[in-house]
Number of protein chains: 2
Amino acid sequence: MSLRAFVPGHVTGFFSAHPHEDPTIAGSRGAGLALSDGVRVTVDLADETTILLNDQRGSMAAVKGVLDRLGVTARVEAETPLPVSAGFGVSGASALGTALATNAAMDGGYTENELVTVAHAAEVKAGTGLGDVVGQARGGIPIRLEPGAPPRGQFDGLPARSRVEYVTFGGLDTAAIIGGDTDQLSRAGEKALASLLERPTLDRFMTVSWTFAREAGLVTERVRSTVEDVHQNGGKASMAMLGETVFALDDGLSSAGYDPATCHIANGARIE
Amino acid sequence: MSLRAFVPGHVTGFFSAHPHEDPTIAGSRGAGLALSDGVRVTVDLADETTILLNDQRGSMAAVKGVLDRLGVTARVEAETPLPVSAGFGVSGASALGTALATNAAMDGGYTENELVTVAHAAEVKAGTGLGDVVGQARGGIPIRLEPGAPPRGQFDGLPARSRVEYVTFGGLDTAAIIGGDTDQLSRAGEKALASLLERPTLDRFMTVSWTFAREAGLVTERVRSTVEDVHQNGGKASMAMLGETVFALDDGLSSAGYDPATCHIANGARIE
């Protein structure tokens, strides 16, 4: 029987890295936006594992890790309109969608927290993310107060919704960045989180995210000029962590003359 | 400016009561279903407070409590297709929707956890519920592991979705039941929670909920005969806490010859 789950995309605006040898404890603090452009995952239990992303056979280490942790082999098809390796959490969404749909195909037995933990651990082990899975499970505008999988990971959120536009110029190597020296980045991330909690609004989120991107030293020239174009036009934009991607609220990019993809802030992951 | 929020309905299948003099600590453990039939709340800041439920002027103590705690006066309009005082959390949904929409009308300043805490405390003070607000904020099939508002209240969830049908014969006096002797009820509720966590599926949820309703001594004759009709027809049904209401999965009530309202398991509360 073929079971499906939908997991929203997730752009992180700022974060601090909290590595740990136990991948359920490792994670990040920070904040981001869950997006209606996401990943639809279809799982069929099968004698051997096949993993497809937009009809292309691939490795998807986090997805493989989820199947291994659940002790099954399956055909997994992930489909998404999102650019891959560009800061939208496609890897985390595929892992979480695989966990949810596989549980349904196995006729249950796991709670949501357990499945989020399995997907988060597989994602951390794969080196492809630290906070996307838990943010995608929650939805909305997750503020990651404490790192890690539930119940350790703790959340708040911004009570807001918005249209979101984005353009992508290319990928960044997440594993190299979060596996490298993250001290400067994490100091900037902690400062951004404190500032957001002082004034928890969407405007403040965008402002502290852009300050973070510059302080963390991650801004490329194309990202900088695009964000500045949006700002000069009166809009709000920042950079998706970690990709060469600019996201903006409302019509920030289109009214500055860009041709962005459009989506909106979305609810959390769900079985379909 | 007129701001709106949508909050899902919520039927509790089983619970244990955890009173406390601090209404942010008081709450319940248990589990329920967030429903796509919910309450849409519109808030306009105004010189004096007016509260309307489906165009009728009413008191709605929990809504008044939210406005008082936020220090504002406003015109609040709540609209819902759900029966009132029948176990669907209309009061909690109105309180939470008021908190979310009022924050937006005030141009923010509160996080989601803070607004959920305000609404939960107002609901507990009003005596109209112990766990609806936090369940409605989360959405899905919330399992309330620890009572109270965030960050004290802790959740898990069942990774499932379903169509839900319901019929209502009348109300029950929530304040009288949760304000009275809840020892027998709470013992039954703790047993139900332990059994659900042993096998966290929707089928188990329905089974332990019906056992709970009978052990808690809350089942009326009309509820009993309706649930038994659904069971004899091969369906899954139980009683909404606290109302003279039967809810069933899928087409459980309609295929047993009833004429129920129909909705589905829904995501959590959101600003619109």
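Everything numeric in this text was worked out from a predicted model, so none of it was measured. (Residues numbered from 1 in each chain as written. Chains lettered and ligands numbered in written order. Predicted model: local features only at pLDDT ≥ 70, side-chain atom pairs only at ≥ 80, totals over all residues. Heavy atoms only, no water.)

### What to know about helix 6 (residues 183-198) of chain A
All names here are of chain A. The terminal C-alpha atoms of helix 6, which comprises 16 residues, lie 23 Å apart, in line with the 22 Å expected from a rise of 1.5 Å per residue. All buried positions along helix 6 are accounted for by Leu185, Ser186, Ala188, Gly189, Ala192, Leu193 and Leu196. Projected onto a plane normal to the axis of helix 6, the buried residues spread over an arc of 160° and lie on a single side. Residues of helix 6 that are exposed and angled more than 90 degrees away from the buried face: Arg187 and Glu198. Looking at the buried positions of helix 6, the neighbouring elements they touch are strand 1 (3-18), strand 2 (27-45), strand 6 (142-146), helix 5 (174-178) and helix 7 (202-215). (Helix = DSSP H or I, 4+ residues; strand = E, 2+ residues; numbered from the N terminus. Expected span 1.5 Å × (residues − 1). Buried < 20%, exposed > 50% of the residue type's maximum accessible area, 1.4 Å probe, protein only. Arc of directions from axis to C-beta. Contact = heavy atoms within 4.5 Å.)

### Focus: the relation of the copies chain A and chain B
Of the transformation placing chain A onto chain B, the axial shift is 0.0 Å and the rotation is 180°, giving an RMSD of 0.0 Å. Each copy turns onto its partner about a two-fold axis. Of every C-alpha in chain A, the one belonging to Asn267 of chain A sits nearest the axis of rotation, 3.4 Å from it. By residue overlap, the copies meet face to face through one surface: 100% of the interface positions of chain A are interface positions in chain B. (Least-squares fit on C-alpha atoms with pLDDT ≥ 70 in both.)

### A closer look at the sheet that holds strand 10 (residues 243-249) of chain B
Residues and elements named next belong to chain B. Sheet architecture is open: four strands sit in the order 9-10-8-11, paired in antiparallel fashion. Edge positions in the sheet fall to strand 9 (237-239) and strand 11 (261-264), since each has one partner strand and no second. Neighbour to neighbour, the strand axes of the sheet diverge by 30° on average, direction disregarded. Two strands pair when backbone bridges link them, and strand 8 (residues 163-171) and strand 10 are joined in this way by seven bridges, in the antiparallel orientation. In the strand pairing of strand 10, Val167 is matched with Val246. Against the sheet, helix 7 (residues 202-215) touches strand 9 and strand 10, its axis set at about 40° to strand 9. Its contacts with the sheet place helix 8 (residues 221-232) against strand 8, strand 9 and strand 10, and it is angled at close to 5° to strand 10. (Pairing = 2+ DSSP bridges. Axes fitted to C-alpha atoms, helices over the stretch in contact; angles between N-to-C directions.)

### Describing the sheet that holds strand 11 (residues 261-264) of chain A
All names here are of chain A. Spatially, the four strands line up as an open sheet ordered 9-10-8-11, and their pairing is antiparallel. Edge positions in the open sheet fall to strand 9 (237-239) and strand 11, since each of these has one partner strand only. The average angle at which neighbouring strand axes cross in this sheet is 30°, direction not considered. Pairing between strand 9 and strand 10 (residues 243-249): three bridges, direction antiparallel. When the bridges of strand 10 are listed, Met239 appears paired with Val246. Against the sheet, helix 7 touches strand 9 and strand 10, its axis set at about 40° to strand 9. Contacting strand 8 (163-171), strand 9 and strand 10, helix 8 (residues 221-232) runs over the sheet at an angle of about 5° to strand 10.

### Considerations on the interface of chain A and chain B
With 26 residues of chain A at the interface, the matching set in chain B holds 26 residues. Overall, the association of chain A and chain B removes approximately 2100 Å² of surface from exposure, summing both partners, and the carbon and sulfur fraction of that is 45%. Linking chain A with chain B are two salt bridges, by the criterion used here. For the salt bridge of Glu112 of chain A with Arg138 of chain B, the shortest nitrogen-to-oxygen distance reads 2.6 Å. At the boundary of chain A with chain B, the tally comes to 15 residue pairs in polar contact (both at pLDDT 80 or more). Of all the secondary-structure elements, those providing two or more residues to the side of chain A that touches chain B are helix 2 (90-105), helix 3 (112-126), strand 7 (154-157) and strand 12 (270-271) of chain A. (Buried area = accessible area lost by both parts, 1.4 Å probe. Salt bridge = Lys/Arg side-chain N within 4 Å of Asp/Glu carboxyl O. Polar contact = N/O pair within 3.5 Å; in protein donor to acceptor, adjacent residues only side chain to side chain.)

### Quick word on the nonpolar core
Core analysis: the biggest nonpolar cluster contains 86 residues, and Phe14, Leu33, Leu202, Phe205, Phe212 and Phe247 of chain A have the highest contact counts within it. With sequence-adjacent residues up to four places away left out, Leu33 of chain A is seen in contact with Gly9, His10, Val11, Gly140, Ile141, Val164, Leu202, Phe205, Phe247 and Ile265 of chain A. (Core = buried A, V, L, I, M, F, W, Y, C linked by side-chain atoms within 4.5 Å.)

### Section: the pattern of salt bridges
Per the stated rule, a full pass over the model turns up 18 salt bridges over all chains. The salt bridge partner of Glu77 of chain A is Arg75 of chain A, with a shortest N-O separation of 3.2 Å. Given a relative accessible area of 34%, Arg75 of chain A falls into the partly exposed group. Ionic pairing is found between Glu165 of chain B and Arg163 of chain B, a salt bridge with its closest N-O pair at 2.5 Å. What makes Arg163 of chain B partly exposed here is its relative accessible area of 37%. Taken together, the salt bridges that share partners define one network made up of Arg4, Arg40 and Glu272 of chain A.

Shape is all these values report; function is a separate question.
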